Amino acid sequence: MADAPTALGAPVERREGRDKVTGTARYAAEYPLPGRAHGWPVPAAIGRGAVRAIDARAALDLPGVLAVLTHENAPRLAEPEDPTLAVLQNPRVPHRGWFVALVVAETLEEARAGAAAVRVDYAAEDHDVTLTETHPEAYTPDTANGGYPAHREHGDPEWAFTSAPVRVDVGYRLPPLHNHPMEPHAATASWQGGRLVVHDSSQGATTVRTVLAGLFELPEDRVTVVAEHVGGGFGCKGTPRPHVVLAAMAARETGRPVTVALPRRFLPAVVGHRAPTLHRVRLGAAADGTLAAVLHEVTTHTSRIKEFVEQAATPARVMYAAANILTSHRVVPLDVPSPSWMRAPGEAPGMFALESAMDELAVELGMDPVELRIANEPDAEPDSGRPFSSRHLVECLREGARRFDWAARPAAPRARTAGPLLMGTGVAAATYPVLVSPATATAQALPGGDFVVRINATDIGTGARTVMAQIAAHALGVPVDRVRSEVGSSDLPSAPLAGGSSGTASWGWAVHEACTRLRARLAEGTGPVPDQGIVTNADTAGHADAESAYARHAFGAHFAEVAVDTVTGEVRVSRLLGVYAAGRILNARTARSQFIGGMTMGLGMALTEGSTMDPAFGDFTESDLAAYHVPAHADVRDIEAYWVDEDDPHLNPMGSKGIGEIGIVGTAAAIGNAVHHATGVRFRELPLTPDRVL
Ligand code: MOS
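Residue numbering note: each chain is counted from 1, following its sequence as written. It should be noted that, the model being predicted, local features are given only for residues of pLDDT at least 70 and side-chain atom pairs only at 80 or more, the latter also being counted only at that level, while totals for whole chains, interfaces and linings use all residues.

1. Topic: the environment of G47
Okay, step 1: Along the polypeptide, G47 turns up in the loop between β1 (37-43) and β2 (49-55).
Okay, step 2: Note: C-alpha distance between G47 and D335 (288 residues apart in sequence) is 6.8 Å.
Okay, step 3: With residues up to four places along the chain from it excluded, the contact list for G47 reads H95, R96, H127, V129, D335, F617 and G618. Numbered from the N terminus, helices here are DSSP runs of H or I no shorter than four residues, and strands are runs of E no shorter than two. Two residues form a contact once the distance between their C-beta atoms, set from the backbone, is within 7 Å.

Given below as structure tokens:
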């Protein structure tokens, strides 16, 4: 075991863990630079329209108020690629909650009081925030989010469905969901002699730097964005959000460092959300369970200023063998906040629908739902025909069934009771694509035998620092405690965001390359390595081959046990178990944490999380954690995550797939299927709150 800490896969402890639990780790709002002021935004109070006039006099008369920025006096920005960043540039109000002013004051409390004193006169227009399948403005876009084609068709799906002996034709409804990371979005900005320096709560500081440089028309080397510690993101910090633009504008206008820390209730309107999805799933099968037709059609919403199409039908292109497959997305532009990425965009809502429908089909067939999935295992990716680089879904299902004691499950629903409780179990599969982007890193040999790797990776709570050191140590052939890793600043070699479950693969590839080169140089032994011993991979930036001959996906299987209270309608999840096939697991401790974190988020999606659009006000009704209920510890009883080892040579030098998102993917469906098994009733709308279940 002497070399255990070096080995990839070892459960190495997080390097910043002590700093976090002792409170010394600093987050973006916690840089009290000398003279630092605070900004508090004013959200629009109408669902659509324009600002007619803003009266800031009362606010400016309050103690401590330094400035009130509005569309009339705020700095002009270059036009952003992302329209949600064009804050205070014109009087339009595209949705309720859009920021129409920013009050800057000496203290947070004075800024908040100032914001309350700003008088805004609006020219309101009628708004429409209600998503329906038959909405007259619904259209089929060219592509869904992620560049996936919106519509794909193989064979003759309608005919194959109609002529199949066993059919399900069902609809599911999923509400908007909010990311709600532990740390709400915050940024501290200062201008230091023509340089813009920003501490931002972001999943990718390199992108924030590029975007801010563009907006303020600066060369990129005059902008530094630091994201040293980030309290979660789940997609809503994946691109720059308005708070960082406001902080930079306010700092320029006042000549002071400015922190804009968004109160949590402002988040839903401005940081993105998982769009609601309406699903129609049709499955047609032979009597032995062989699928002939899979049709998955999704309708979702986007805002009026930005097209974002939750790609919820895409997993049906990957999962099951069928000669006839139709997958399609339609989108309705509404006067709603712009949706964006939330953990496993596409897969999480899409697999809830597909895996619930598979369970309904199993019931129709009188077939075990594990066996139904195994019976439809494809030889190649159904949509593209490409071979899988590796696929061990069947092994995940079998291993999960064994560990869960699935064999003891009564086939019929409503067969187990305990007093007023109905008990049931359910299963669902999971998939998530393997994504990777180019990244650069440096590796340096220090006198005395230590090493340092530098890369602008972001640790959003995942343990990125630690895993980068493990990858470096492995490539260098040294113990992990000889390697320091520096991450979290745009002044470091540029790297993609912590998102799409691609961070570790992308950054790790670059770190591996730089370290492999450094090791080779040192082995040559021809004198000291030039440039202070620093070796870079900047010329290749990782061979991030987006176009592979292989279909590359992680897979998983989820098992859930529930108790449904027939008196209160409450659903409790007594057991959750996931088994994953995600390439080589690089750190057993942090990987388990990611898996069970995803599963916990899936539990919330199933039981408590859901947001409603108020049609009268045009706003989300549940905008803080008092109303939007994320799972607490007491909701998570018994949760286990395991993995099957995969040796996949078609991924990256570490042989890893992403693990940040797959944990959420099938969890809600497994819980919903367990609720059906417990009660004999199929609920097709989430979340499964007592009012629905009773
Ligand atoms: Mo994740 S939704 O790719 O940050």
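Having seen the structure, we can now continue with the description.
2. What about the domain arrangement of the protein chain?
Okay, step 1: Domain boundaries assigned for the protein chain yield domain 1 (17-25 + 437-536), domain 2 (37-126 + 182-232 + 237-270) and domain 3 (145-177 + 273-435 + 549-693).
Okay, step 2: Domain start and stop positions are those given by an automatic or database domain assignment. Placing the centre of domain 1 and that of domain 2 at their C-alpha centroids yields a distance of 34 Å.
Okay, step 3: At the junction of the two partners, domain 1 supplies 16 residues and domain 2 supplies 17 residues.
Okay, step 4: Three classes are used, and their members are as follows: Ala, Val, Leu, Ile, Met, Phe, Trp, Tyr, Cys and Pro are nonpolar, Asp, Glu, Lys and Arg are charged, and the others, Gly among them, are polar. Looking at the side of domain 1 that touches domain 2 residue by residue, the classes come out as 6 nonpolar, 8 polar and 2 charged.

3. A closer look at the UniProt feature "domain: Aldehyde oxidase/xanthine dehydrogenase a/b hammerhead" (unreviewed entry) in the protein chain
Okay, step 1: Following the UniProt record, the feature "domain: Aldehyde oxidase/xanthine dehydrogenase a/b hammerhead" (unreviewed entry) maps to residues 22-126 here.
Okay, step 2: Between the C-alpha atoms that bound residues 22-126 the distance is 51 Å, and the span itself is 14% helix and 33% strand. UniProt positions are given in the numbering used here, feature names are shortened, and annotations may be inferred rather than shown by experiment.

4. Notes on the environment of S328
Okay, step 1: Tracing the backbone shows S328 in strand β15 (residues 324-333).
Okay, step 2: Think of it as a crowd count around each C-beta: if 20 or more other C-beta atoms lie within 10 Å the residue is buried, if 12 or fewer it is exposed, and in between it is partly exposed, with C-beta placed from the backbone throughout. For S328, a count of 20 C-beta atoms within 10 Å translates into the label buried.
Okay, step 3: S328 sits 31 residues away from E297 along the chain, and the two C-alpha atoms are 4.8 Å apart.
Okay, step 4: Beyond its immediate chain neighbours, meaning those up to four positions away, S328 contacts T140, A150, H151, E297 and A313.

5. Examining the sheet that holds strand β18 (residues 442-445)
Okay, step 1: The 4 strands lie next to each other as β20-β19-β18-β21, forming an open sheet whose pairing is mixed. Each edge of the open sheet is held by one strand with a lone partner, namely β20 (483-486) and β21 (534-536). Going from strand to strand, the sheet's axes swing by 20 degrees on average, the running direction of each strand aside.
Okay, step 2: Pairing between two strands requires that DSSP report at least two bridges joining them. One ladder, built from 3 bridges, connects β18 with β21; its direction is antiparallel. Counterpart to A443 in the pairing with β21 is V535. Only the stretch in contact is used when a helix axis is fitted, and all axes are lines through C-alpha atoms; the angle between N-to-C directions ranges over 0 to 180 degrees.

6. Description of the nonpolar core
Okay, step 1: Grouped together as the largest cluster of nonpolar side chains are 206 residues, with contacts concentrated most on V103, I455, M468 and A472.
Okay, step 2: For this core, the element with the most residues is helix α8 (residues 347-365), which contributes 11 residues.
Okay, step 3: Not counting residues within four places of it along the chain, the set of residues in contact with V103 comprises G39, W40, V42, A59, V65, V68, A111, G114, A115 and V118.
Okay, step 4: Core analysis: the second largest hydrophobic core is formed by 14 residues, V129, L131, A144 and M613 among them. The term nonpolar core refers to a set of buried Ala, Val, Leu, Ile, Met, Phe, Trp, Tyr and Cys residues connected through C-beta atoms within 7 Å.

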